Amino acid sequence: MVLHHYFLFHRTMGSTGYTCIRRTFCSFNILIWLCGSGFLAIGVWLHFAYPGYATLLPDHAVLSADCMFITVGVISFVIAFFGCCGSWFQSRCFLVIYFTLVVLLFLSEFLLGSLAFVFRGGIGRMLTQELKYGIEKHYNVSDRGGFLTPSVASIWDNLQVDLQCCGVSSYEDWYDISAWPGERWVPQSCCRSQYNSLFSEGSGDELANVDCRKAGNPALLWDKSCGQILQMWFVQRLHIVGTVVLVIGFLQLFGLISSMLLFCTVKHKRSSKTYKSYSPTVDTTLNRNGTSATYMDD
C-alpha cells in the first residue's frame with residue numbers, strides 16, 4: 001500500500017512538473033512569435049512608407065531600419081514557430097530544430113558582436129563614408145517626398161533641425177554635392193534658428209540681406225556634426241544596450257534549457273512506464289491486492 005501511494009505521488013508530481021514546463025515554454029514562444037510578427041509588420045511598413053532610409057546608405061541598404069526589423073521579425077517568427085509546435089504536439093523533431101536554431105542564432109550574435117568590436121573603427125569609417133556618399137548623390141532639395149514617403153532631403157533636414165547639427169563630420173560635407181555642383185552651400189536646416197531666413201548683416205550703408213546657407217560663414221551654422229551627436233547619444237545609452245543584450249541572452253538560455261528538458265522528458269515518457277500517465281490514454285496497473293487502479297492524464 002505504501003509503495004502504491006509512492007508511485008501515485010511520483011506520477012502526480014512528475015506530470016505536474018512536465019505540464020508546467022510544457023505550458024510555460026509554449027506561452028513563452030507564443031509571446032516571441034507575436035513580437036516577431038510585430039517586428040516583421042513594422043519592417044514591411046518602413047520599407048514601403050520610408051524608402052528614403054535605405055538611400056542614406058546606398059551600398060549597404062541591408063543596414064537600413066526596415067531590413068533590420070524584417071530580419072529580426074523573420075528569425076523570431078521561424079524559431080518561435082518550431083518552439084510552439086514542438087511543445088504543443090510534443091514533437092522531438094521540432095524541439096531539436098528549435099534547439100539547433102537557437103544555438104546557431106547565439107553563435108551568430110557572438111560572432112557578429114566580436115567582429116563589430118574588433119573592427120569598430122573600420123565600421124565607423126565605412127558608415128561615415130556611406131552617409132557622405134548618400135548626401136552627395138541623393139540629396140535633392142526640390143524632392144521633399146510625402147508625409148508617408150519622405151525623401152533623403154526631408155530626412156536629413158528633419159535630423160539636422162532636431163539634433164541641431166550640420167553634416168556627417170562637418171558642414172563641409174555639403175560642399176559641391178550633386179544638388180549644387182561647384183558651390184560651397186549648405187541646406188537651410190544647417191542654419192541656426194536666428195539665421196534660418198534672410199537677415200541683415202553689416203552696419204550703416206553696408207547693410208545687406210544675407211542668405212545663411214550661401215553665406216559661407218560657419219558662425220551662422222550649427223557647430224556640431226550629426227555623427228558626433230549620434231555617437232554621444234549612443235554612448236550615453238550603453239547601459240540600455242547592455243540591459244537589452246542581457247535580456248536577450250537570458251531568453252535564449254531559457255529557451256535552450258526548456259527545450260532540452262521537454263526533449264528528454266518526452267523521450268523518457270515514451271519509454272518508461274512511470275510516465276505513462278502523461279499520455280491521454282488510460283494507464284491501468286495492479287495494486288498489491290490484485291485489483292486494478294486507473295489513472296488518467298491531468
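Residues numbered from 1 in each chain as written. Predicted model: local features only at pLDDT ≥ 70, side-chain atom pairs only at ≥ 80, totals over all residues. Heavy atoms only, no water.

- Per an unreviewed UniProt entry, the recorded name for the chain is Tetraspanin, and the organism is Anopheles christyi.
- What the UniProt record of the chain gives under Subcellular location (unreviewed entry) is the line "Membrane".
- Looking at the Sequence similarities (unreviewed entry) heading of the UniProt record, one finds this comment for the chain: "Belongs to the tetraspanin (TM4SF) family." (UniProt positions renumbered as here; feature names shortened; annotations may be inferred.)

Quick look at the nonpolar core
Right, on to step 1. Membership of the largest hydrophobic core comes to 21 residues, with the highest contact counts inside it found for Tyr139, Trp156 and Trp174.
Right, on to step 2. Sorting the residues of this core by element identifies helix H6 (152–163) and helix H8 (226–235) as the ones contributing at least two each.
Right, on to step 3. Ranked by residue count, the leading element in this core is H6, at three residues.
Right, on to step 4. Among the nonpolar cores identified, the runner-up in size contains ten residues, and Phe25, Leu256, Leu262 and Phe263 belong to it. (Core = buried A, V, L, I, M, F, W, Y, C linked by side-chain atoms within 4.5 Å. Buried < 20%, exposed > 50% of the residue type's maximum accessible area, 1.4 Å probe, protein only. Helix = DSSP H or I, 4+ residues; strand = E, 2+ residues; numbered from the N terminus.)

Description of the packing of aromatic side chains
Right, on to step 1. Under the defined criterion, the tally for this structure stands at eleven aromatic pairs.
Right, on to step 2. Measuring from ring centre to ring centre gives 5.6 Å for Phe81 and Phe82, while their planes differ by 75°; the resulting arrangement is edge-to-face.
Right, on to step 3. Given the relative accessible area of 40%, Phe81 is considered partly exposed.
Right, on to step 4. By relative accessible area, which is 18% here, Phe82 ends up buried.
Right, on to step 5. Site record: aromatic cluster; members linked through ring pairs are Tyr139, Trp156, Trp174, Trp180 and Trp185.
Right, on to step 6. Lying across the ring of Trp185, Arg213 places its NZ or CZ 5.5 Å from the centre. (Phe/Tyr/Trp six-rings, centres within 6.5 Å; stacked < 30°, edge-to-face > 60°. Lys NZ or Arg CZ within 6 Å of the ring centre and 35° of its normal.)

Notes on the packing of helix H3 (residues 65–88) against helix H4 (residues 92–118)
Right, on to step 1. Close contact between H3 and H4 brings their axes to 8 Å; oriented N to C, the two are set at 150°. Between H3 and H4, the angle is such that the two are roughly antiparallel. Relative to H4, H3 is oriented so that their crossing is left-handed. When H3 is examined against H4, the residues Ile75, Val78, Ile79, Phe82, Gly83, Cys85, Gly86 and Ser87 are found in contact with a partner set consisting of Phe94, Leu95, Ile97, Tyr98, Leu101, Val102 and Leu105. (Axes fitted to C-alpha atoms, helices over the stretch in contact; angles between N-to-C directions. Parallel < 35°, antiparallel > 145°, perpendicular 65-115°, else oblique. Left-handed = near helix turned anticlockwise from the far one by under 90°. Contact = heavy atoms within 4.5 Å.)

Notes on the state of the cysteines
Right, on to step 1. If you walk through the whole model with that rule in mind, you get three disulfides.
Right, on to step 2. With its sulfur 2.2 Å from that of its partner, Cys191 forms a disulfide with Cys212. Taking the sign of the S-S torsion, -115° for the link of Cys191 and Cys212, the bridge is left-handed. Highlighted residues: Cys191 in the loop between H6 and strand S1 (199–201) and Cys212 in helix H7 (residues 212–215), separated in sequence by 21 residues.
Right, on to step 3. Given a relative accessible area of 3%, Cys191 falls into the buried group.
Right, on to step 4. Once the disulfide-bonded cysteines of the chain are ranked by sequence position, their pairing pattern turns out to be 1-6, 2-3, 4-5.
Right, on to step 5. Note on Cys85: no disulfide assigned, nearest cysteine sulfur contributed by Cys84 at a separation of 6.8 Å. (Disulfide = S-S within 2.5 Å.)

Topic: the UniProt feature "transmembrane region" (unreviewed entry) in the chain
Right, on to step 1. Those places that UniProt annotates as "transmembrane region" (unreviewed entry) correspond, in this numbering, to residues 30–48, 68–89, 96–119 and 240–266.
Right, on to step 2. Regarding residues 68–89, the helix share stands at 95% and the strand share at 0%, and the terminal C-alpha atoms are separated by 32 Å.
Right, on to step 3. Counted over residues 240–266, helix gives 100% and strand 0%. Its end C-alpha atoms are 39 Å apart.

Focus on the pattern of salt bridges
Right, on to step 1. Applying the stated criterion across every chain yields a total of three salt bridges.
Right, on to step 2. A salt bridge links Glu136 to Lys137; the nearest nitrogen and oxygen atoms lie 3.8 Å apart.
Right, on to step 3. Overall, Lys137 belongs to the partly exposed group, its relative accessible area being 45%.
Right, on to step 4. Between Arg213 and Asp211 there is a salt bridge whose closest N-O contact spans 3.6 Å.
Right, on to step 5. Arg213 sits in the partly exposed class, given a relative accessible area of 21%.
Right, on to step 6. We classify Asp211 as partly exposed; its relative accessible area is 22%. (Salt bridge = Lys/Arg side-chain N within 4 Å of Asp/Glu carboxyl O.)

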